[in-house]
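What the coordinates show
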Amino acid sequence: MMQNQMVEKFIEIYGGESSTVSQYFAPGRVNLIGEHIDYNGGFVFPCALDFGTYAVARKRNDSTVRFATLNFDLKVEVDINDISYLEEHNWTNYPKGVIKEFLNKGHNIGGFDILYYGNIPNGSGLSSSASLEVLTAVVLNDLFDCKEDMIEMVKMSQKAENQFVGVNCGIMDQFACGMGKSNHAILLDCETLDYKYTPLKLDGYKIVIGNTKKRRGLADSKYNERRSECQYALECLQKELDINNLCDLDMDTFDKHKSLIDKDIARDRAKHAVAENVRVKKAVEALGGGDIITFGKLMNESHDSLRDLYEVTGIELDTMVEEARKIEGTIGARMTGAGFGGCTVSIVKEESVDIFIEEVGKKYEARVNLKPEFYVANVGNGPGKIN
Ligand code: GLA
């Protein structure tokens with residue numbers, strides 16, 4: 001898009017001169033492997049996409065903040081001294097949460113007008129909310145000269161979502177949106193926030209994202225439920241083991257002590273977390289050695305574990321993954337993000353991509369009765385000003 005159109009729209013809504021506005025972008029993300037372990041102190045391996053959220057913004061001389069977007073009709077006006085969560089303020093609660101974080105840190109934030117536009121399909125598990133949060137942080141940092149570094153803004157964005165919006169997410173999404181690098185995935189240790197960029201050497205292969213179009217209805221409550229099941233498992237293990245997180249364990253130690261977890265469901269959740277963390281390390285090693293086939297196998301194992309042990313897939317994601325794996329040229333397919341709907345990610349031979357999209361699309365629609373969408377992903381850069 002569409003940057004000129006955005007500026008035109010901004011002027012139409014808020015008035016003034018186009019020379020006085022600034023423009024910004026923050027990407028969405030796709031996670032390649034390492035699911036539901038960011039909040040268990042594990043390793044994740046996401047990358048930023050080349051689509052995301054755009055903003056045009058301009059400071060005001062008073063304390064009014066005005067929000068608008070090209071995606072929805074809702075417009076909201078608030079006073080910077082009265083930022084609170086309001087159900088009817090809908091999507092603007094995300095940026096409001098970020099503003100609150102900046103205010104909590106003592107930054108002198110004044111009024112401003114802002115217009116957003118996002119091209120991440122909503123609720124698709126490609127982090128439209130993290131993209132919106134990180135983007136807002138980048139805008140505030142620039143407009144009000146706050147001098148926060150990107151990792152700090154990543155943490156502030158996560159805090160906004162946890163404390164203001166009330167979704168208990170881990171750090172992965174905001175980190176991937178904030179720290180993305182073109183043609184690289186990020187190996188992130190979610191316990192220490194140490195990270196390493198890994199070149200995505202996918203010679204002859206493409207990352208294909210499949211949107212199941214299944215709305216993630218109960219996602220947030222189920223998500224929080226999984227988190228407490230993991231917490232329960234951890235507390236059981238801590239009776240004998242000196243660990244801070246489930247992902248501190250290797251598979252052998254887990255197997256030796258798993259009987260400490262006295263609930264079957266919690267034991268399964270913990271087993272997924274420990275095994276998934278091991279898979280991420282193996283997958284990144286395989287990729288580094290140019291062994292993309294092993295990488296794909298580990299993606300498959302990841303999905304199967306999320307389906308059988310963690311139970312966050314559902315008929316739509318499972319069907320799409322099943323159909324994806326039937327295509328010759330698919331070397332791995334799994335769900336990505338929180339699950340319960342949203343997107344799958346597959347690694348597909350370049351020459352098979354067209355047939356993949358056609359066949360998986362047809363079969364999925366016939367079985368599930370939803371019309372899916374597919375995106376061949378390009379791995380993009382992190383956020384910034386785009387004037
Ligand atoms: C959502 C959360 C992330 C992460 C994933 C699952 O995207 O926002 O923090 O937990 O689910 O891996």
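A short tour of the structure in this document, coming up.

About the cut-offs
Residues numbered from 1 in each chain as written. Predicted model: local features only at pLDDT ≥ 70, side-chain atom pairs only at ≥ 80, totals over all residues. Heavy atoms only, no water. Helix = DSSP H or I, 4+ residues; strand = E, 2+ residues; numbered from the N terminus. Contact = heavy atoms within 4.5 Å. Pairing = 2+ DSSP bridges. Buried < 20%, exposed > 50% of the residue type's maximum accessible area, 1.4 Å probe, protein only. Near = heavy atom within 4 Å. Polar contact = N/O pair within 3.5 Å; in protein donor to acceptor, adjacent residues only side chain to side chain. Areas by Shrake-Rupley, 256 points an atom, 1.4 Å probe, with all protein chains shown as cover. Nonpolar A, V, L, I, M, F, W, Y, C, P; charged D, E, K, R; others polar.

1. Notes on the side chain of asparagine 277
Tracing the backbone shows asparagine 277 in helix H8 (residues 264-288). Discounting residues that sit within four places of it in the chain, asparagine 277 has contacts with Ile37, Gly42, Phe43 and Cys247.

2. Re the sheet that holds strand S8 (residues 195-199)
Read across the sheet, 3 strands follow the order S2-S7-S8 without closing on themselves; strand pairing throughout is antiparallel. The strands lining the two open edges of the sheet, one partner per strand, are strand S2 (43-44) and S8. Relative to S8, strand S7 (residues 184-189) runs antiparallel, the two sharing 5 bridges. Considered in S8, the bridge of leucine 188 is made with tyrosine 195.

3. With respect to unusual backbone geometry
Positioned with a positive phi, lysine 147 is a non-glycine residue whose angle comes to about 60 degrees. Note on placement: lysine 147 falls in the loop between helix H3 (128-143) and helix H4 (150-165).

4. So, the side chain of glutamate 101
For glutamate 101, the position within the fold is in helix H2 (residues 93-104). Among the residues examined, glutamate 101 registers a relative accessible area of 6% and is labelled buried. Beyond its immediate chain neighbours, meaning those up to four positions away, glutamate 101 contacts Met156, Lys159, Ala160 and Gln163.

5. What about the site of the ligand?
Taken together, the neighbourhood of the ligand is formed by Arg29, Glu35, His36, Asp38, Tyr39, Cys169, Gly170, Met172, Asp173, Tyr223, Gly337 and Ala338. In the model, an oxygen atom of the ligand is placed 2.6 Å from a nitrogen or oxygen of the glutamate 35 side chain. For the ligand, an oxygen atom lies 2.5 Å from a polar atom in the side chain of aspartate 38. Relative to its free-state accessible area of 310 Å², the ligand is covered by the protein chains to the extent of 93%. Among the residues making up the shell around the ligand, the classes are represented as 5 nonpolar, 3 polar and 4 charged.

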